[in-house]
Amino acid sequence: MAEVSMGSSGSSTDLSPEEERVFIKEIASAAESNSKEGDTFYLITQRWWHEWIEYVNHDQPCNTNDGSSLSEHCDSAGSSTLKKPSMIDNSDLIYDSALEDPSNAGEIIDTLQEGRDYILLPQEVWNQLHSWYGGGPTLARRVISSGLSQTELAVEVYPLRLQLLLVPKNDQSAIRISKKETIRELHRRACEIFELNSDHVRIWDYYGHQKYSLMGDLDKTLDDANLQMDQDILVEVLDMNGTASNAHVQSLHENGLVDEDSTSILIDPSKSSLTVAGGFSSNRNAFRSGSVEGSQSFDSTYTTGVTTRGSTAGLTGLLNLGNTCFMNSAIQCLVHTPEFASYFQDDYHQEINWQNPLGMVGELALAFGDLLRKLWAPGRTPIAPRPFKVKLARFAPQFSGYNQHDSQELLAFLLDGLHEDLNRVKHKPYINSRDADGRPDEEVADEFWANHIARNDSIIVDVCQGQYKSTLVCPICNKVSVTFDPFMYLSLPLQFNTTRAITVTVFSCDKTTLPSTITVNISKQGRCRDLIHSLTNVCSLKQSEELKLAEIRNNLIHRLFEDPLIPLSAIKDDDHLAAYKLSKSSENTVLLKLVLRRRDQKAGDRENPAQLRPYGTPLLSLASRDSALTKGKIVCIVENMLSPFRREESIMSEKAKSESSIPERRSARLNHSDEEDKNGGSRKAKKGSSSEVIASKLSLQLNDENNKTVKLPNDEGEAIKLPSSATVTIYLDLTAELSGMYDITCLEGLPEVLKYGPATKKARSEPLSLYACLEAFLREEPLVPDEMWFCPQCNERRQASKKLDLWRLPEVLVIHLKRFSYSRSMKHKLETFVNFPIHDLDLTKYVANKNLSQPQLYELYALTNHYGGMGSGHYTAYIKLLEENRWYNFDDSHISHINEDDVKSGAAYVLFYRRKSDDAAGNTK
């Protein structure tokens, strides 16, 4: 690992942002390439890291690095605002109590996620940044070996937190210790904490609040001993005879030191699977099997009360083989479906369809059945699903390798593949389905279902398949077509509109038209060029004109949207946008920004005059460099930009003054009239003209792009020495006289991009209901052009309207929440929180078949969750063990009890509901 002196580059004040960036990048690259077990990494708050990245990349081109290494982050995009970060402040990563108690300084919040809350820095990088900026607190974490082969490196962000329970003194203490430490170190630390003589102390794995295993192999690591987060460790003090009484253990329960309802298989709170610097992944505290340890170095009489882990079946995890969490979560949900658990633990081989050309010659069913039996076997040794993955990759190459995939796509393939492997129909008959032709729905639905069962009959159909009623109406001849189609799951939309309304204020350059407000609807996944194209059509833009789109903030142009590929997601609903109609620019034109200023009346007094502050909305115009730009031309351009706001009485007053002028002046004005160039400038401005009157009232200041003042000559005909920059800002100070001449109230406040009323804001803050998603799915809508329906009556393809209804519901209803959307150029994930019922999902009113006698009620028993982004996220499963009536979190090989209140979250992705029994449904009603 590279050695870097703390002061090798001096104070940060000695370095430019670019030098800081290059220096840190070099250190990071060296550290990442030489990382090894035992190295130290440091947590730094994502907020501060982002500020530093913005600071050192202020002049770098836009370049988004998702999932990049630390050195690549040093090349990521930054803003144009140069703001140096203050000292490092990691206080938002730790509990408030840790700030007050130095002994707990390293105790970070349990729910942090890498990439969202913090970044991991190699020691050399942290040392250098800390020497430059100072601050803290310092949060160091070790690199440990991980994975099945113990060759992968991981930063142990969350070391084991163990609860030490001392008997016979009935004392307790919580400690943090690396899972790579030995039992000997745990024994030493326990004796140190409780001030005990190590010769008279032994420690027990107190799993399930009973003496599960005596931890006598002192050289074994805590990882190999299968200790898990928040597990209880019994610290037992022996008497002079080397014995201990179980009455001491009983006293723990009597004194409330042990929670009877707690579980010791809690998961490491970090769910992050994002790759960190050097290819490390944040620790998930993977545990492997540890055999039950008997007493080795102590009297065997003290093994009483030892229980075997896994006495409750169904709590076996699946090892992550490398980005296989998508597969593990889907498998666990299917395995814990009671109908499938019963079926595959029975003799299902006789139903395997070995000859089905659409199946996998039974191999997928056999691999799944074998895996299910292992997961339901006694014990909790995590299973490596390698044989199943091999079969999966063989028949579905898209799931080969170790890339992340969509768990719903895998689930769809599994259900379909298992159905074909277990299809009881060996020879599928050919059936020609008839249209409804006015027949009763019940008759047509039963006919379609019978035809379906004649070709598809399996445990999957028995459990998971339902039936839609699909109604198509031709928009031309009103032909109605009704069919009844099977479904395996429901895919419900989470966003009902694919477009967004964007409001823009448009400014014209024709010297007469006032600004107008225009609202257009654009695809949410669109770009700035799409917005400009829509505005161009609405504004009837001439071929010689173009639109310049700008964001207005604090009465200044915050940014010009000059890159047409900027996504519209960069425009927020509370932004203020202006579009300027200008002549098409060229290399020989300079963009002029007119910024109005006035004195802040509230802030000043007679002794301390108020400062000039920007006011209203800036205006834009162009000037040509082909001819000299004089002060007179600047005055005319400013007058033209302001002319739409000229008060009528001011015009009449100027006209009256003009008519009272002496004949010679009128003659001079007629003989030497102003000549305007193509950019609205004036080649000459003679004394006595209206422009001259206005010019005398204009207080102008010119600044270049670097905010340096451009000197204005006294002579209006003298050329202005413009800088090479493409933009010049003109500041116009509004005097009381000018305010009387121009009515600029319409420039005072631009509308927001999307203005929400109080009712709308309230609606947006409420969670989205699962019922609302279902209603949107069942809503009548026209077919997309690519899926137009062939109307048998018109004998042509028509964009018919389609209406879906539920007709027949399955025993197990799988609901897919469509969080992911894909297009040719981008992927998008919705983080919308969906409020779904855990109990009594009532679908009765959504079923079109009104002959059903029982209410259609369902209970949630499993779901998959997706955390993080599109390609770098992590999947888990929440599953209810029906025998225990308890919910568990299945996070690959980690299993932990969770409260039912925690089941609902914005990460919910695929929901598994089971029909309530007729008796239960009847009692509910």
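Not measured: the values here are computed from a predicted model.

Novice: Which residues make up the overall build of the chain, and what values do they have?
Specialist: Per the secondary structure count, the chain includes 23 helices and 40 strands. With 925 residues in all, the chain has 49% of them scored as buried. A separation of at least 24 residues holds for 73% of the contacts in the chain among residues at least 6 apart in sequence.

Novice: An account of the sheet that holds strand S9 (residues 201-205) is requested, with residue identities and associated values reported.
Specialist: Here we have five strands laid out as an open sheet, ordered S8-S7-S11-S9-S10, and mixed in their pairing. Pairing within the sheet leaves two strands with one partner each, and these edge strands are strand S8 (171-177) and strand S10 (213-214). The sheet contact formed by strand S7 (residues 160-167) and S8 spans seven bridges and is antiparallel. Looking at the pairing, leucine 162 lines up with isoleucine 175 of S8. Lying on the sheet, helix H6 (residues 183-194) is in contact with S7, S8, S9 and strand S11 (232-237); it crosses S8 at an angle near 135 degrees.

Novice: Account for unusual backbone geometry, with residues named and values stated.
Specialist: A cis geometry characterises the amide bond from glycine 136 onward to proline 137, with omega recorded as 0 degrees. Here proline 137 shows up in the loop between strand S4 (135-136) and strand S5 (140-146). Its identity as a non-glycine residue notwithstanding, glutamate 195 has a phi of 55 degrees, on the positive side. Within the secondary structure, glutamate 195 is located in the loop between H6 and S9. Its identity as a non-glycine residue notwithstanding, asparagine 555 has a phi of 65 degrees, on the positive side. Mapped onto the elements of the fold, asparagine 555 is located in the loop between strand S18 (545-553) and strand S19 (556-560).

Novice: Go over the pairing of strand S1 (residues 40-45) with me, naming the residues and quoting the values.
Specialist: Burial analysis of S1 places six of its six residues in the buried class, the great majority of the element. Side chains of S1 alternate between two faces, with Thr40, Tyr42 and Ile44 and Phe41, Leu43 and Thr45 buried alike.

Novice: Requested: an account of the packing of aromatic side chains, with residues and values cited.
Specialist: What the rule picks out here adds up to 20 aromatic pairs. Taking 5.1 Å as the distance between ring centres and 80 degrees as the angle between the ring planes, the aromatic pair formed by tryptophan 48 and tyrosine 133 counts as edge-to-face. Of this pair, tryptophan 48 sits in helix H2 (residues 46-56) while tyrosine 133 sits in helix H5 (residues 123-133), placing them 85 residues apart in sequence. Across the pair, tyrosine 133 and tryptophan 48 agree in class, each one buried. Put simply, the rings of Tyr343, Phe344, Tyr348, Phe368 and Phe388 touch in pairs and so form one group of aromatic residues.

Novice: Could you give an account of the packing of helix H10 (residues 363-375) against helix H12 (residues 407-421), naming the residues involved and the relevant values?
Specialist: Close contact between H10 and H12 brings their axes to 8 Å; oriented N to C, the two are set at 110 degrees. As summarised for this structure, H10 and H12 are arranged roughly perpendicular, according to the angle between their axes. Here H10 and H12 pass one another in a crossing that is left-handed. Here Glu363, Leu364, Ala365 and Phe368 of H10 lie close against H12, whose contacting residues are Phe413, Leu414, Gly417, Leu418 and Asp421. Among the residues forming the contact of H10 with H12, the class breakdown is six nonpolar, one polar and two charged.

Novice: Kindly report on the side chain of serine 178, identifying the contributing residues and their values.
Specialist: With respect to the helices, strands and loops of the structure, serine 178 is situated in the loop between S8 and H6. A polar side-chain atom of serine 178 sits 2.7 Å from a polar atom in the side chain of glutamate 156. Discounting chain neighbours no more than four positions away, the residues touching serine 178 are Arg142, Ile144, Glu156, Pro159 and Leu222.

Novice: Summarise H12; cite the residues concerned and give the values.
Specialist: Over its 15 residues, H12 runs 21 Å from end to end, which matches the ideal 21 Å to within 8%, given 1.5 Å per residue. Most of H12 sits out of view: twelve of its 15 residues are buried. Of the positions making up H12, those classed as buried are Ser407, Gln408, Leu410, Leu411, Phe413, Leu414, Leu415, Gly417, Leu418, His419, Glu420 and Asp421. Where H12 begins, the side chain of aspartate 406 points an oxygen toward the backbone nitrogen of glutamine 408, at a separation of 2.9 Å.

Novice: Could you give me a rundown of the nonpolar core, with the residues and numbers involved?
Specialist: With 57 residues, the main nonpolar core has Phe340, Phe388 and Phe912 as its most contacted residues. When sequence neighbours within four positions are dropped, the list of residues in contact with phenylalanine 340 reads Leu334, Leu372, Leu415, Ile459, Ile460, Val463 and Cys464. Of all hydrophobic cores here, the second largest spans 42 residues; its members include Leu591, Leu700, Tyr742 and Leu747.

Novice: Account for the pattern of salt bridges, naming residues and giving values.
Specialist: The full count for this structure, using the stated rule, is 31 salt bridges. Glutamate 192 is paired through a salt bridge with arginine 188; the nearest N and O atoms lie 3.5 Å apart. With glutamate 192 and arginine 188 both in helix H6, this residue pair falls four residues apart, about one helical turn. Connected via shared salt-bridge partners are Glu351, Arg424, Asp457 and Asp462.

Novice: Could you give an account of the confidence of the model for the chain, with specific residues and numbers?
Specialist: Put simply, the chain has an average pLDDT of 77, and 75% of its residues get 70 or more. In this model, residues 76-80 is a region of pLDDT below 50 whose contacts with residues beyond four sequence positions or in other chains number 16 contacts. Overall, residues 757-765 carries pLDDT values under 50, and its contacts beyond four positions in sequence, including any with other chains, amount to three contacts.

Conventions and cut-offs
- The residue numbers shown here count from 1 along each chain, following its written sequence.
- For this predicted model, a pLDDT threshold of at least 70 governs which residues receive local features, and a threshold of 80 or more governs which side-chain atom pairs are given and counted, while totals over whole chains, interfaces and linings are taken from all residues.
- To obtain the side-chain values, all non-hydrogen atoms of the structure were used and water was disregarded.
- In this text, helices come from DSSP runs of H or I with a minimum length of four residues, and strands from runs of E with a minimum of two, each type numbered from the N-terminal end.
- Buried, partly exposed and exposed residues are distinguished by accessible area as a fraction of the type maximum, computed with a 1.4 Å probe on protein chains only: under 20%, between the cut-offs, and over 50%, respectively.
- Should any heavy atoms of two residues lie within 4.5 Å, those residues are counted as being in contact.
- Strands pair, by our definition, only if DSSP identifies at least two bridges between them.
- What counts as an axis is a line fitted to C-alpha atoms, over the stretch in contact for a helix, and the angles between N-to-C directions run from 0 to 180 degrees.
- Whether two aromatic rings pair depends on their centres lying within 6.5 Å, for rings of Phe, Tyr and Trp, where Trp uses its six-membered ring; planes under 30 degrees apart make the pair stacked, over 60 edge-to-face, and the rest tilted.
- Here is the rule for angles: anything less than 35 degrees is roughly parallel, anything more than 145 is roughly antiparallel, 65 through 115 is roughly perpendicular, and the remaining ranges are oblique.
- Should the near helix be turned anticlockwise from the far one by less than a right angle, the crossing is left-handed, and should it be turned clockwise, the crossing is right-handed.
- For this classification, the nonpolar set comprises Ala, Val, Leu, Ile, Met, Phe, Trp, Tyr, Cys and Pro, the charged set comprises Asp, Glu, Lys and Arg, and every other residue, Gly included, is treated as polar.
- Polar contact is defined as a pair of N or O atoms within 3.5 Å, subject to the rule that within protein one atom must be able to donate a hydrogen and the other to accept it, and that residues adjacent in sequence are counted only when both atoms are side-chain atoms.
- A helix is expected to span 1.5 Å for every residue after the first.
- In plain words, nonpolar cores are sets of buried Ala, Val, Leu, Ile, Met, Phe, Trp, Tyr and Cys residues tied together by side-chain atoms within 4.5 Å.
- Should a side-chain nitrogen of Lys or Arg be within 4 Å of a carboxyl oxygen of Asp or Glu, the pair is scored as a salt bridge.
- pLDDT is defined as a per-residue confidence score from the predictor, taking values between 0 and 100.

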